[in-house]
Amino acid sequence: MSDFPKIQLLAPKRGMPPKHFADLSGEERIAALQELGLPKFSANQIARHYYGKFEADPLAMTDLPENQRQRVKDALFPRLLTPVREVETDDGDTTKTLWRLHDGILLESVLMRYPDRATLCISSQAGCGMACPFCATGQGGLDRNLSTAEIVDQVREAAAKMASEGSRLSNIVFMGMGEPLANYNRVISAVRQITSPNPEGFGISQRNVTVSTVGLAPQIRKLADEGLSCTLAVSLHTPDDELRDELVPMNNRFAVADVLDAARYYAEQTGRRVSIEYALIRDINDHDFRADMLGRKLHDTLGSLVHVNLIPLNPTPGSKWDASPRGRQDEFVRRVIAQGVPCTVRDTKGQEIAAACGQLAAEEKTG
Ligand code: SAH
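Throughout what follows, the structure given in this document is the object of discussion.

1. Here we look at the sheet that holds strand E4 (residues 118-121)
Part 1 of the reasoning: One open sheet holds the 10 strands; their spatial order is E1-E2-E3-E4-E7-E8-E9-E10-E11-E12, and the pairing between them is mixed. The two strands at the open ends of the sheet, each matched to only one other strand, are strand E1 (82-89) and strand E12 (343-345). With strand direction ignored, the average angle separating the axes of adjacent strands in the sheet is 20°.
Part 2 of the reasoning: Pairing analysis gives 7 bridges linking E1 to strand E2 (residues 94-100), with the strands arranged antiparallel. When the bridges of E2 are listed, Arg85 appears paired with Leu98.

2. As for the site of the ligand
Part 1 of the reasoning: Among the 18 residues in the neighbourhood of the ligand, the closest are listed as Gly178, Ser212, Ser235, His237 and Asn314.
Part 2 of the reasoning: Here a nitrogen atom of the ligand and a side-chain polar atom of Glu179 are 3.1 Å apart.
Part 3 of the reasoning: For the ligand, a nitrogen atom lies 2.7 Å from a polar atom in the backbone of Asn314.
Part 4 of the reasoning: Sorting the residues of the shell around the ligand by element identifies strand E8 (209-213) and strand E10 (274-280) as the ones contributing at least two each.
Part 5 of the reasoning: Split by residue class, the shell around the ligand holds 9 nonpolar, 7 polar and 2 charged.

3. Remarks on the packing of helix H10 (residues 288-302) against helix H11 (residues 326-338)
Part 1 of the reasoning: For the pair H10 and H11, the least separation of the axes is 8 Å and the interaxial angle reads 30°. Between H10 and H11, the angle is such that the two are roughly parallel. Between H10 and H11 the crossing geometry is right-handed. Here Asp288, Arg290, Ala291, Asp292, Leu294 and Gly295 of H10 lie close against H11, whose contacting residues are Arg328, Glu331, Phe332, Arg335 and Val336.
Part 2 of the reasoning: Partitioning the contact of H10 with H11 into residue classes produces 4 nonpolar, 1 polar and 6 charged.

4. Comments concerning the packing of aromatic side chains
Part 1 of the reasoning: As enumerated under the stated definition, the model contains 7 aromatic pairs in all.
Part 2 of the reasoning: Their ring planes at 65° and their centres at 5.2 Å tell us that Tyr51 and Phe202 sit as a pair that is edge-to-face. In this pair, Tyr51 sits in helix H2 (residues 42-52) while Phe202 sits in the loop between helix H6 (184-195) and E8, placing the two residues 151 residues apart along the sequence. Each member of the pair, Tyr51 together with Phe202, is buried.
Part 3 of the reasoning: Grouping aromatic residues by their ring pairs yields a cluster made of Phe21, Tyr50, Tyr51, Phe54, Phe77 and Phe202.
Part 4 of the reasoning: The residue whose ring lies beneath Arg29 is Phe21, and the NZ or CZ to ring-centre distance is 4.2 Å.

Cut-off values and rules
Residues numbered from 1 in each chain as written. Predicted model: local features only at pLDDT ≥ 70, side-chain atom pairs only at ≥ 80, totals over all residues. Heavy atoms only, no water. Pairing = 2+ DSSP bridges. Helix = DSSP H or I, 4+ residues; strand = E, 2+ residues; numbered from the N terminus. Axes fitted to C-alpha atoms, helices over the stretch in contact; angles between N-to-C directions. Near = heavy atom within 4 Å. Polar contact = N/O pair within 3.5 Å; in protein donor to acceptor, adjacent residues only side chain to side chain. Nonpolar A, V, L, I, M, F, W, Y, C, P; charged D, E, K, R; others polar. Parallel < 35°, antiparallel > 145°, perpendicular 65-115°, else oblique. Left-handed = near helix turned anticlockwise from the far one by under 90°. Contact = heavy atoms within 4.5 Å. Phe/Tyr/Trp six-rings, centres within 6.5 Å; stacked < 30°, edge-to-face > 60°. Buried < 20%, exposed > 50% of the residue type's maximum accessible area, 1.4 Å probe, protein only. Lys NZ or Arg CZ within 6 Å of the ring centre and 35° of its normal.

Okay, here's the thing in structure tokens:
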């Protein structure tokens, strides 16, 4: 398997969107508004609309002076996400939205409604440079990083949708397109806006925000020192370097032991249980010895601060790989648990609308 596309860590800079309110720090907002002739406190008024009422159109912010609204809109509220297509499944419980960005790039986010919560799966990059061969997004390479506001606005759109249904967006997972820790500063800024209480942010609980990574070990350690208590998910997919070098090419740079060591540091610093993601692929990574090794390694490094989330592989179009049969999956779970590590199978909401793993954007691209 030497024909993998190359890992791309640095995104091309082209195409970043115009500056948006959500890209700016508190001081920058005040400065920008003063430049437009608005008083200091208008930053706070606007934040109340944006984070509290999910309103992104200054023309509807009626406590701003009427003759200033258009100016605020032009300067600080460019339209970032234009809906292209919306697909529903699971009896309307799951909605996947395909967005077009200002430069024509396509992006998707998926909203999953459960009886006790509503989870939004968001993207952190347009495309992805990690080149994992089983992932649809990984096949297309990296287009560019998303801006902070492009990340935050995915959340605002979904929060507005939930509010219109008389409900509330409660959970965020960075499991859409992209490698969040390769767009580190913007993702952290977005996480702060997602979790800060109103009016600084949407007020979603930090522990209900999951950042999922292929295992950029130094950035995992950095994240551990941010003083946030988000959930860290590590896409491990196999406990041995030989196979992981192929399934997650970044393993060539940060090997399993290094990634698990960083995960342990994260668990120690935050007290949070780390979630280990494992896409079960028939005859590739679903063997008994891998289940045993996985359970052992996780128990040894993370003790009780770990949980395994098995994901039945969602085959990408044209892929030679498939999900493991049910019996294999059950035995895998049993063996991991036998090592003292909790292990559950992720539900497959949205599978028939290709809501997992970049497939809608991939479909749209190929016509
Ligand atoms: N880059 C980050 C986050 C995006 S992917 C990461 O890798 O963690 C979110 C999760 O979906 C990851 O665990 C990823 O490995 C998994 N995934 C990607 N393609 C998949 C597929 N075809 N079937 C099942 N899971 C997949």
